[in-house]
Amino acid sequence: QLARIQTDSVVKMLQELYPDLCFEIVAMSTTGDKILDTALSKIGEKSLFTKELENALERNEVDLVVHSLKDLPTSLPPGFTIGAVCKRENPLDAVVFHPKNCGKTLSHDLIFPHSVIGTSSLRRAAQLKKKFPQLEFRDIRGNLNTRLKKLDEKEDFSAIILAAAGLKRMGWENRIGQLLSPEDCLYAVGQGALAVEVRAKDQEILSMVSALHDADTVLCCIAERAFMKHLEGGCSVPVAVNTLLKDGQLYLTGAVYSLDGCDSLKETMQASVNYPQQNEDGPNDDVQHVGITAKNIPRQAQEAAENLGVELASLLLSKGAKHILSVARQLNDA
């Protein structure tokens, strides 16, 4: 349902821009939708929510695919690109409480010690275990409807952690009992942003969807994706970010965690992305930055954002991030 709502919202924007075009929506299931009894981090497939959709794109059965950006690997298969990154919804994580815990928060005084909190994310669990050691974190899978049903109809969980963006798009903002600030929980790379994936050589479709790019979101997400890519992170290791773009300065906070959250590295860096758009037609006009093609955003700004992500990852690697991540990966695999 959420995937359909997200796709409908993109089609609505395109329809307003191109009223003469007819858009047909093709619904599909992916591996990630079908395997619901295993933690995402243990399935070991990088393109869990994208492979079947990309196959249809390759066979020309569809012309564009709408994804949550955080589901897209930092390296796309050859022949594909992210042709649009739409304006980001709130990227923070949210706590949804069991009805009997309404009005509570995760803090020591308000939710009982040893309460069980559901999350399918190693990143969330690692950060929150350290912050709230009195709570127990357990895996919960399924789409939003399924997870909320598991929460409401059983007594297994006192609360679950979900992306605020998904809840808002579903019209369930009233279920958010607590928004987790970046001090409590840094979010996932690309969280809250929608991406439109297209065939890289399909200039007509590429230029059509590029009108949906939100410049600030693109620059933040390029930095985040470059950070993740340089760390060789994925959903099998806890990697988290927080970005802020203000007055032409892009601030990127990035962190890596051990699975129990006890071992972590966190740093913030900034870079200027205040560059004018130049006429950049020519042989390099289809340059991708971590899988994103955005001709209508100054290339120097995109390069600065990508370099920022790489530099921050390099800083963490120089301080021992590789060891933390490889231990986390081994423990997760085990």
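Residues numbered from 1 in each chain as written. Predicted model: local features only at pLDDT ≥ 70, side-chain atom pairs only at ≥ 80, totals over all residues. Heavy atoms only, no water.

Here we take up the overall build of the chain. A tally of regular secondary structure across the chain gives 11 helices and 11 strands. Relative to the compact-globule value of 20 Å for 334 residues, the chain shows a C-alpha radius of gyration of 20 Å, a close match. Counting every position in the chain, which comprises 334 residues, the buried fraction comes to 52%. Residue pairs in contact within the chain that sit at least 24 positions apart in sequence constitute 70% of those at least 6 positions apart. (Helix = DSSP H or I, 4+ residues; strand = E, 2+ residues; numbered from the N terminus. Rg over C-alpha atoms; globule rule 2.2 N^0.38 Å. Buried < 20%, exposed > 50% of the residue type's maximum accessible area, 1.4 Å probe, protein only. Contact = heavy atoms within 4.5 Å.)

Next up on the list: the domain arrangement of the chain. Accessible area lost during the coming together of the parts is what is often quoted as the interface size. When its domains are assigned, the chain resolves into domain 1 (1–90 + 189–333) and domain 2 (93–179). In this complex, domain 1 contributes 32 residues to the contact, which on the side of domain 2 involves 22 residues. Summing both partners gives a buried area of about 2100 Å² for domain 1 against domain 2, and 57% of it is carried by carbon and sulfur. Linking domain 1 to domain 2 there are one salt bridge. Here Glu-89 ties to Lys-168 by a salt bridge, and the two come within 3.3 Å at their closest N and O atoms. (Domains from an automatic or database assignment. Buried area = accessible area lost by both parts, 1.4 Å probe. Salt bridge = Lys/Arg side-chain N within 4 Å of Asp/Glu carboxyl O.)

On the basis of which strands lie adjacent, the open sheet formed by three strands has the order E9-E10-E11 and antiparallel pairing. The open sheet has two edge strands with one neighbour each: strand E9 (239–246) and strand E11 (264–272). Taking each pair of neighbouring strands and ignoring which way they run, the sheet shows an average axis angle of 15°. Where E9 and strand E10 (residues 249–257) come together, eight bridges link them in antiparallel fashion. Directly across from Ala-240, in E10, lies its bridge partner Ala-255. Here helix H9 (residues 215–231) sits on the sheet and contacts E9 and E10; the angle it forms with E9, its principal contact strand, is near 150°. Along the sheet face, helix H11 (residues 321–333) touches E9, E10 and E11 and points at about 50° away from the line of E10. (Pairing = 2+ DSSP bridges. Axes fitted to C-alpha atoms, helices over the stretch in contact; angles between N-to-C directions.)

A few words on the environment of Pro-73. Mapped onto the elements of the fold, Pro-73 is located in the loop between strand E1 (64–68) and strand E2 (80–85). Looking at Pro-73, the relative accessible area reads 17%, which means it is buried. A C-alpha to C-alpha distance of 8.7 Å links Pro-73 and Gly-291, two positions 218 residues apart in sequence.

Next up on the list: the sheet that holds E2. Overall, antiparallel pairing links the three strands, which are arranged E1-E8-E2 in an open sheet. Looking at strand neighbours, the two that pair on one side only are E1 and E2, the edges of this open sheet. Direction aside, the axes of adjacent strands within the sheet are offset by 35° on average. Sheet topology places E2 next to strand E8 (residues 194–199); five bridges connect them, and they run antiparallel. Counted as the bridge partner of Ile-82 is Glu-197 from E8.

Within the secondary structure, Ala-255 sits in strand E10. Residue classification places Ala-255 among the buried residues on the basis of a relative accessible area of 0%.

To continue, consider unusual backbone geometry. Here His-114, not a glycine, exhibits a phi torsion of approximately 65°, which is positive. Residue position: His-114 is located in the loop between strand E3 (93–97) and strand E4 (116–118).

Assignment of secondary structure puts Glu-224 in helix H9. Judged by its relative accessible area of 0%, Glu-224 is buried. Not counting residues up to four positions away in its chain, the partners in contact with Glu-224 are Arg-88, Tyr-187, Ala-188, Val-189, Gly-190, Val-241, Thr-243 and Leu-252.

So, about the state of the cysteines. For the structure shown, the criterion picks out zero disulfides. Residue Cys-262 stays outside any disulfide, its sulfur separated by 15 Å from that of Cys-185, the closest cysteine. Owing to a relative accessible area of 57%, Cys-262 belongs among the exposed residues under this scheme. (Disulfide = S-S within 2.5 Å.)

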